[in-house]
Amino acid sequence: MSGAVLALLTCTGTVRAEDGYALWMRYTPLESALVADGRRPLPEVQAPDQTATQRAARTELVRGLAGLPGNALLAQSTVATLPALVLGTPQSSTLIAPLRKEMDSLGEEGYLLRRTRMQGRDVVLVAAPRDIGVLYGVFHLLRLLQTGASLDALALRESPRMRLRVLNHWDNLDGHVERGYAGRSLWDWQTLPEWHDPRYTDYARANASVGINGTVLNNVNASAQSLAPDYLDKAATLADMFRPYGIRVYLSVRFSAPIELGGLNAADPLDADVQRWWQHKADEIYARIPDFGGFLVKANSEGQPGPQDYGRSHAEGANLLADALAPHGGVVMWRAFVYAHDVPADRATQAYTEFAGLDGAFRPNVILQVKNGPIDFQPREPFHPLFGAMPRTPLMMEVQITKEYLGFATHLVYLGPLYEEVLQSRTHARGQRATVAQSLTGMAGVANIGTDRTWSGSHFDPANWYAFGRLAWNPYQSARDIAADWAAMTFSPDPEVVQPIVGMMMDSREAAVNYMTPLGLHHLMARGHHYGPGPWVDGGPRADWTSVYYHRADRDGIGFDRTARGSNAVGQYAPEVAARYGDLARVPEPLLLWFHHVPWDHRMASGRTLWDELVGRYSQGVRQVKAMQATWERLEGRVDAQRHAQVTAFLRIQLREAQWWRDASVAYFQSVSGRPLPAGEIAPPHPLAWYQHLQFPSAPGDGR
Ligand code: GCW
């Protein structure tokens, strides 16, 4: 092999592709195929290319096939023995047209994949009622090729289980991303609408590959400016670039925009001028973006304006916007993340108190967007009590993909198990054994995407974006299977690579729970930026922004009593759930201190006292990170050097910070409990005050 060819192969195989930019769409040959012979015949592709979506599907398939000569389907030596790939809809392909009836029940976004014979020829079909389904089917087929699945008896039918699968970008117009740890905002508002950064298309490809079909471009702490005509022009350009990939653009809106942009005196939802202002604004938007998705709203929450400023309800506020969007087919995603500073009630109860009684009061095009748990994206929370409690209101579940409370981008924490745990939780709504997943119309994920070359701030964080999309498409899939697909596509389909990586990923969330907030503890992060431990955080503007409010540790015990004797947050769940969570003998240990205030001497399932168990869990979390490190070390040489090195460095950061979390937390809780460390436990190297005085004024991603 000549030096030039070798250099080229090395270049595509390692240098360019291995900086993480390609994400899981890394159509690179297996090492063995490279060594043997880079060139193999490509199968014939019969695909229409009349529309932008058709061209996107065809281009993606050709790109994937060209890059994947090492897989099973393509391991043929002559074109004649390769199957032909036939893509299309009944309208776009005469070969697909006879399948029309079979595809009736697939819906607008579904597709089927099938290996069959046509006109005496071996073919692989990607067929769908609409172009977008074909694109989704192509990505599915590529996934099968990338993961080395057999296509011999390929026969799959797929349709999304949820209608709305949406990313929420908390991106400000100045490029800062609130709670973002992956660089600046991807949207360069300064150079839009003229400059069409090709990265916008790659973003759309990545989303379409997992079935994400919407994106909210700007922060829920919204600037009214996003609705100004020049910004609408910029948003329209993004919408044009995303449209071929089935992605609709949405905007977060500031409830008081009629005042700030429109010069009105008030934003009262019952005021006719305000109603007219929003109607005109909707007309203005749809003139530029005919398939605009709608609005996302954070109102009367954490200082944002809202209908309650005028004595109106959340339903009246949401309906105002819903009426403006309805003629155009848009929706309002109204967030249920509210808690009032003047209400002394347990913060975990406030969203339910505010919204449950409004069931049935919303327009049909309002969807209530509810965080996965009742507090705020903690490493572990019980499911939110509103799931299952509003049968007449469509609900979306909002999860964080960005890791505000999970160690930022440098901690390897795979969130698939967290999402799965909530989706599979049983709400027992109306006496049924229904799950959270069954109560959902959609899922929203707070994006972890920015200008970082890896997109998400590390080589493992894209797995969370990926898992979000896959679970929003089908919430009944297993987080483990999704991790296996992702690892095979991102690193290598070699089982000796996939298995250890999946092992690390599957343990990682529990590791973080252990070294940060074990046994149902929550909200113990440092104040404001949430970087590192702060279990001592007390005082300040509001009690429910402190840690002591949540853990309630004293000489005798620890935990938040949310039973009927305490805040009675358990009472917001269906009776079966309330009975279980409210009973000290039956509550799952991972949620123990979420629901109960428990004496330090309480006996745990392990036979240890609560105090010993707590300290033990903190140390276990650190050991789990060490185990992840050891696994990763063994992968040296099997994973390319560039990515291996960064993950190695990041795991070192994670270990240092896990140890910091453990030491600081043990030092603090020991100062409260006054108990000796269990045998074998090492005392924190510094006195408590040392940890308390650490300051990080420049920690990334802060809210502002
Ligand atoms: O998790 C908290 C964050 C805020 C965020 C808020 C919300 C966008 O700390 O930064 O604001 O939740 O979800 O509205």
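Here the structure is a predicted model, which means the values were calculated and not measured.

A.B. asks: Which parts of the structure should I look at to understand the overall build of the protein?
C.D. replies: A tally of regular secondary structure across the protein gives 20 helices and 15 strands. Compactness check: the protein gives a C-alpha radius of gyration of 26 Å against a globular reference of 27 Å for 704 residues, within 12% of the reference. In the protein, the share of contacts with a sequence separation of at least 24, taken over all contacts with a separation of at least 6, comes to 72%. Accessible surface, the protein as shown: approximately 26400 Å² in total, 51% of it carbon and sulfur. Across the protein, the centroid of the 67 positively charged side chains sits 4 Å from that of the 72 negatively charged ones.

A.B. asks: Is there a simple way to explain the site of the ligand in this structure?
C.D. replies: Neighbouring residues of the ligand: 15 residues in total, closest Glu 178, Lys 298, Arg 335, Asp 376 and Glu 404. One nitrogen or oxygen atom from the side chain of Arg 335 is found 2.7 Å from an oxygen atom belonging to the ligand. Lys 371 is positioned with one of its side-chain polar atoms (N or O) 2.7 Å from an oxygen atom of the ligand. In isolation the ligand has 340 Å² of accessible area, and contact with the protein removes 96% of it. Within the shell around the ligand, the residues separate by chemical class into four nonpolar, three polar and eight charged.

A.B. asks: Even after reading the chapter, I still don't get the confidence of the model for the protein, so can you show me in this structure?
C.D. replies: Low-pLDDT portions of the prediction should not be read for the details of their coordinates. Here the protein averages 94 in pLDDT, and 94% of its residues register 70 or above. Note that residues 1-16 has pLDDT below 50 and, in this model, 13 contacts with residues that lie over four places away or in other chains. With pLDDT under 50 throughout, residues 31-36 is counted as low confidence; its partners more than four residues away or in other chains account for six contacts.

A.B. asks: Whenever I open this one, the pairing of strand S8 (residues 248-252) confuses me. Can you help?
C.D. replies: Where a strand is regular, its side chains alternate between the two sheet faces. In terms of burial, S8 is largely enclosed, as four of its five residues are buried. Relative to S8, strand S7 (residues 214-216) runs parallel, the two being bridged by three bridges. Following the sheet pairing, Gly 214 is matched in S8 by Arg 248. You can see the chain leave S7, run along helix H6 (residues 229-242) and come back into S8, and the turn it takes is right-handed. In terms of strand pairing, S8 meets strand S9 (residues 294-297) through three bridges, oriented parallel. What sits directly across from Tyr 250, in S9, is Gly 294.

A.B. asks: In this structure, what is going on with the sheet that holds strand S5 (residues 155-158)? I would like to understand it.
C.D. replies: Adjacent strands of a sheet form backbone hydrogen bonds with each other and so pair up, either parallel or antiparallel. Ordered in space as S1-S2-S4-S3-S5, the five strands form an open sheet in which the pairing is mixed. Where the open sheet ends on each side, the last strands, each with one partner, are strand S1 (45-46) and S5. Sheet topology note: the strand S2 (residues 84-88)/strand S4 (residues 121-127) ladder contains five bridges and is parallel. Residue pairing across strands places Gly 88 opposite Ala 127, the latter belonging to S4. Contacts from helix H3 (residues 52-67) reach S1 and S2, with the element oriented near 160 degrees to S2.

A.B. asks: Looking at this structure, I do not really get the sheet that holds S7. What am I missing?
C.D. replies: Pairing in this closed barrel of eight strands is parallel, and the strands run S6-S7-S8-S9-S10-S11-S12-S13 around the ring. The sheet shows a mean angle of 25 degrees between the axes of neighbouring strands, direction not considered. Here S9 pairs with strand S10 (residues 331-335) via four bridges, running parallel. Along S10, the bridge assignment pairs Val 297 with Trp 334.

A.B. asks: Even after reading the chapter, I still don't get helix H10 (residues 347-355), so can you show me in this structure?
C.D. replies: An α-helical segment advances 3.6 residues per turn. Residues three or four places apart therefore align on the same side. When we look at burial in H10, the residues that qualify are Arg 347, Ala 348, Thr 349, Gln 350, Ala 351 and Phe 355. Next to the buried residues of H10 lie helix H9 (314-325), S10, strand S11 (366-371) and helix H15 (548-551). One side-chain oxygen at the N-terminal end of H10 lies 2.9 Å from the backbone nitrogen of Ala 348; it belongs to Asp 346.

A.B. asks: Hey, could you run me through the pattern of salt bridges in this one?
C.D. replies: A side chain of one charge can pair with a side chain of the opposite charge when the charged atoms of the two come close. On inspection of all chains with the given rule, the structure shows 41 salt bridges. For Glu 102, the salt bridge identified is with Arg 114, shortest N-O distance 2.5 Å. Placement of the pair is Glu 102 in the loop between S2 and strand S3 (111-118) and Arg 114 in strand S3, with a sequence separation of twelve residues. Notably, a salt bridge pairs Asp 376 with Arg 347, separated by 3.8 Å at the nearest N-O pair. Residue Asp 376 is located in the loop between S11 and strand S12 (395-400), and its partner Arg 347 is located in helix H10; the two are separated by 29 residues in the primary sequence. The pair Asp 376 / Arg 347 is uniform in exposure class, with both members buried. The network of salt bridges with common partners includes Glu 18, Arg 26, Asp 640 and Arg 643.

A.B. asks: Could you clarify how one ought to interpret the side chain of Thr 631 in this entry?
C.D. replies: Residue placement: Thr 631 occurs in helix H18 (residues 610-634). In contact with Thr 631, not counting residues within four places along its chain, are Pro 500 and Met 504.

A.B. asks: Just checking my understanding: could you explain helix H4 (residues 131-146) for this structure?
C.D. replies: A rise of 1.5 Å per residue sets the reference length of H4, with its 16 residues, at 22 Å; its end C-alpha atoms lie 23 Å apart and thus fit the reference within 8%. One or two steps after H4, the chain reaches Gly 148, where phi turns positive at roughly 75 degrees.

A.B. asks: Just checking my understanding: could you explain unusual backbone geometry for this structure?
C.D. replies: For residues besides glycine, phi is generally negative; the peptide bonds are generally trans as well. The amide bond that connects Leu 192 to the next residue, Pro 193, takes the cis arrangement and shows omega of 0 degrees. Structurally, Pro 193 is set in the loop between strand S6 (164-168) and helix H5 (198-209). Phi is positive for Asn 300, which is not a glycine, with a value near 45 degrees. Mapping Asn 300 onto the fold places it in the loop between S9 and H9. Even without a glycine there, the phi angle at Glu 302 is positive, about 50 degrees. As for its position among the elements, Glu 302 is in the loop between S9 and H9.

Quick notes on the rules
- All residue numbers here refer to positions counted from 1 along the written sequence of the relevant chain.
- It should be noted that, the model being predicted, local features are given only for residues of pLDDT at least 70 and side-chain atom pairs only at 80 or more, the latter also being counted only at that level, while totals for whole chains, interfaces and linings use all residues.
- Side-chain metrics rest on all non-hydrogen atoms present in the structure, leaving aside hydrogens and water.
- A run of DSSP states H or I qualifies as a helix once it reaches four residues; a run of E qualifies as a strand once it reaches two. Both are numbered from the N-terminal end.
- Each radius of gyration is computed over the set of C-alpha atoms, and the globule rule expresses the reference value as 2.2 Å times the number of residues to the power 0.38.
- It only takes one pair of heavy atoms within 4.5 Å for two residues to be counted as in contact.
- To measure how exposed things are, a 1.4 Å probe is used in the Shrake-Rupley method; for residues, cover is taken only from the protein chains shown.
- In this charge count, Lys and Arg are treated as positive and Asp and Glu as negative; neither His nor the chain ends contribute.
- Think of each charge as sitting on NZ of Lys, CZ of Arg, CG of Asp or CD of Glu.
- Definition of nearness: a residue and a molecule or strand are near each other if at least one heavy atom of the residue lies within 4 Å of the molecule or strand.
- Two N or O atoms count as a polar contact when they lie within 3.5 Å, although within protein this holds only if one can serve as hydrogen donor and the other as acceptor, and sequence-adjacent residues are included solely when both atoms are side-chain atoms.
- Under the convention adopted here, Pro, Cys and the residues Ala, Val, Leu, Ile, Met, Phe, Trp and Tyr are nonpolar, Asp, Glu, Lys and Arg are charged, and Gly plus all remaining residues are polar.
- Known as pLDDT, the predictor's per-residue confidence is scaled from 0 to 100.
- Residue exposure (1.4 Å probe, protein chains only): buried if accessible area is under 20% of the type maximum, exposed if over 50%, otherwise partly exposed.
- At least two bridges found by DSSP between two strands is the condition for calling them paired.
- Looking down the strands as they point away from you, a crossover is right-handed if its path from the first strand over the helix to the second goes clockwise.
- Note on method: axes are straight lines fitted to C-alpha atoms, helices fitted across the in-contact stretch only, with angles between N-to-C directions ranging 0 to 180 degrees.
- Whenever a carboxyl oxygen of Asp or Glu lies within 4 Å of a side-chain nitrogen of Lys or Arg, that contact is scored as a salt bridge.
- Here the expected length of a helix is defined as 1.5 Å per residue gap, with one fewer gap than residues.

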